[in-house]
Amino acid sequence: MKTIYLDNNATTQVAPEVLEAMLPYFRDFYGNPSSMHTFGGQVHQKIEEARARVADLIGADPEEIVFTGCGTEGDNTALMSAVESNPSRKHLITTKVEHAAILNFCKHLAGSGYRTTYLPVDSLGRLDTDDLRKALDDRTAVVSVMYANNETGVLFPINEIGNVVKGRGVLFHSDAVQALGKLPINVKDLPVDMLSFSGHKLHAPKGVGALYVRKGTRFYPYMIGGHQERGRRSGTENVASIIGFGKACELAKDDVSRRMAHVARLRDKLEKALLECCPDTVVNGEREHRLPNTTSISFEYVEGEAILLRLNEYGICASSGSACTSGSLQPSHVLRSMGIPYTAIHGSVRFSLSSYTTESEIDKVIEVMPAIIKDLRSLSPFGREKFEQFLCAVGTGRAD
Ligand code: PLP
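What you see is a predicted model; the values in this text were computed from it and never measured. (Residues numbered from 1 in each chain as written. Predicted model: local features only at pLDDT ≥ 70, side-chain atom pairs only at ≥ 80, totals over all residues. Heavy atoms only, no water.)

### Points about the domain arrangement of the protein chain
Turning to step 1, where the next piece is worked out: Split by domain assignment, the protein chain resolves into domain 1 (16-253) and domain 2 (256-395).
Turning to step 2, where the next piece is worked out: Using C-alpha coordinates to define each centre, domain 1 is positioned 29 Å away from domain 2.
Turning to step 3, where the next piece is worked out: With 29 residues of domain 1 in contact, the opposing surface of domain 2 contributes 24 residues.
Turning to step 4, where the next piece is worked out: Summing the contributions of domain 1 and of domain 2, the shared interface buries around 2100 Å²; its carbon and sulfur component is 59%.
Turning to step 5, where the next piece is worked out: The largest per-residue losses of area from domain 1 upon contact with domain 2 belong to Glu 151, Thr 152 and Lys 182, which jointly make up 30% of the total buried on that side.
Turning to step 6, where the next piece is worked out: Applying the counting rule to domain 1 against domain 2 returns 0 salt bridges. (Domains from an automatic or database assignment. Contact = heavy atoms within 4.5 Å. Buried area = accessible area lost by both parts, 1.4 Å probe. Salt bridge = Lys/Arg side-chain N within 4 Å of Asp/Glu carboxyl O.)

What follows is the structure, encoded as structure tokens:
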């Protein structure tokens, strides 16, 4: 059975051109880029070329790019650097809908006396910058707001936030892991100090990322050891993956607008058809300012996991807005923060497309989905009211 992969916000396939670019660095050019000899030196040169490609995609200077091991490392490093570079300031500001790489790191910092304000979002997943204004104080070290949400695709007003933060002695970091390669980003026009990225979200391999650090920003390394990355991230470089990441950025730069127009058309087609064919179905989040590849759809009164299992029978990969852990359903913190009713959170499915997604794949989903939803609803031992009671019983709280 052919896989129909619509889970590209989780990870993407490695582009064939990326794989090709990487292979020689496993096979032939295995020298250590820090070595004195020419064999290693030529690898160093290739890393610098990859750095230039990543920088070029976002309008940065190559020396503003620090390669990391993943998006999580970039997020952790940015926050740690921000608080370490301003030791008298013990306050962080972020949002309630960030990725765990930010939320759990803020929780971790609480153990060392740091306080975090988690800004709310409205029912469409949007941030009100007045809340940010009110939260800022002279103890704030860093504001970290994601560029685009991984579950709903909703975009955050990075320019507006940057302007609020400007002149307050506060660092502004944005987790741009989901945005790179999907939206044009130009740091020359963007009032941010740091941005984190992850290779595996844009057709490079897993295990490589980058942190953009604007020139002049005080920076404290998180990984401490050798002199790699000019002392900003120690550890022998993941050479092949860095080369692959550079290639993926070059490909993304080539035709981001054309590719994403194609992706958005297919996403919109899927969304429209599912809303029309399946009753009691809503799209989560603001639809206008959104990543072009993402839709989060709630099919009320069905379990998202049940939908995923049925889709899986057709080779269709998507993800749900709740995770089954230790026997209880954990509803998505993002959808919960938006005030989405539990009945809708539990029936939410995220489809995330890529430029490899084809029209016939989308047509297949449109073909099978209405029957899946109808069938699951008819099989459910619960009516609508009972479904709400069931959710309370499994300990996920009030069905509001
Ligand atoms: N930030 C966001 C918004 C993400 O979606 C992800 C991955 O899903 C990460 C950070 C973490 O990236 P990585 O898997 O490379 O650590």
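### A word on unusual backbone geometry
Turning to step 1, where the next piece is worked out: With a phi close to 50 degrees, Glu 229 is a non-glycine residue in the positive phi region.
Turning to step 2, where the next piece is worked out: Relative to the helices and strands, Glu 229 resides in the loop between strand 8 (209-213) and helix 8 (239-277).
Turning to step 3, where the next piece is worked out: A positive phi angle is found at Arg 230, which is not glycine, with a value near 50 degrees.
Turning to step 4, where the next piece is worked out: Mapped onto the elements of the fold, Arg 230 is located in the loop between strand 8 and helix 8. (Helix = DSSP H or I, 4+ residues; strand = E, 2+ residues; numbered from the N terminus.)

### Description of the nonpolar core
Turning to step 1, where the next piece is worked out: If you look at the biggest cluster of nonpolar residues, it comprises 65 residues, and the most contacted ones within it are Val 143, Ile 185, Leu 195, Phe 197 and Phe 245.
Turning to step 2, where the next piece is worked out: Looking at this core, the element that brings in the most residues is helix 8, giving 8 residues.
Turning to step 3, where the next piece is worked out: Shared between two domains, this core takes at least three residues from each, and those domains are domain 1 (16-253) and domain 2 (256-395).
Turning to step 4, where the next piece is worked out: Each residue touching Leu 195, except ones within four places of it in the same chain, is listed here: Tyr 147, His 173, Ser 174, Ala 176, Ile 185, Val 187, Leu 190, Ala 210, Leu 211 and Tyr 212.
Turning to step 5, where the next piece is worked out: By size, the runner-up hydrophobic cluster in this structure holds 29 residues, among which are Ile 307, Leu 311, Ile 366 and Val 368. (Core = buried A, V, L, I, M, F, W, Y, C linked by side-chain atoms within 4.5 Å. Buried < 20%, exposed > 50% of the residue type's maximum accessible area, 1.4 Å probe, protein only.)

### Some points on the packing of helix 4 (residues 71-84) against helix 5 (residues 100-110)
Turning to step 1, where the next piece is worked out: Taken N-terminus to C-terminus, the directions of helix 4 and helix 5 make an angle of 40 degrees; their axes are 9 Å apart at the nearest point. When the interaxial angle is binned, helix 4 and helix 5 end up oblique. When the axes of helix 4 and helix 5 are compared, the crossing they make is right-handed. Between helix 4 and helix 5, the residues in contact are Thr 72, Asp 75, Asn 76, Leu 79 and Met 80 and Ala 101, Ile 102, Phe 105, Cys 106 and Leu 109, respectively. (Axes fitted to C-alpha atoms, helices over the stretch in contact; angles between N-to-C directions. Parallel < 35°, antiparallel > 145°, perpendicular 65-115°, else oblique. Left-handed = near helix turned anticlockwise from the far one by under 90°.)

### Focus on the side chain of Thr 116
Turning to step 1, where the next piece is worked out: In this structure, Thr 116 sits in strand 4 (residues 115-119).
Turning to step 2, where the next piece is worked out: By relative accessible area, Thr 116 is classed as buried at 16%.
Turning to step 3, where the next piece is worked out: Once residues lying within four places of it in the same chain are set aside, the contact partners of Thr 116 are His 91, Leu 92, Thr 94 and Cys 106.

### As for the sheet that holds strand 5 (residues 140-144)
Turning to step 1, where the next piece is worked out: Taken in spatial order, the 7 strands of this open sheet run 2-8-7-6-5-3-4, and their pairing is mixed. Each edge of the open sheet carries a strand with a single partner, namely strand 2 (65-68) and strand 4. Put simply, the sheet's adjacent strands are angled 20 degrees from each other on average, direction ignored.
Turning to step 2, where the next piece is worked out: Of the pairings in the sheet, the one linking strand 3 (residues 91-95) to strand 4 comprises 5 bridges and is parallel in character. Directly across from Thr 94, in strand 4, lies its bridge partner Tyr 118. (Pairing = 2+ DSSP bridges.)

### Brief notes about the environment of Val 18
Turning to step 1, where the next piece is worked out: Tracing the backbone shows Val 18 in helix 1 (residues 16-22).
Turning to step 2, where the next piece is worked out: Overall, the relative accessible area of 0% leaves Val 18 in the buried class.
Turning to step 3, where the next piece is worked out: Separated by 230 residues in the primary sequence, Val 18 and Ala 248 have C-alpha atoms spaced 6.0 Å apart.

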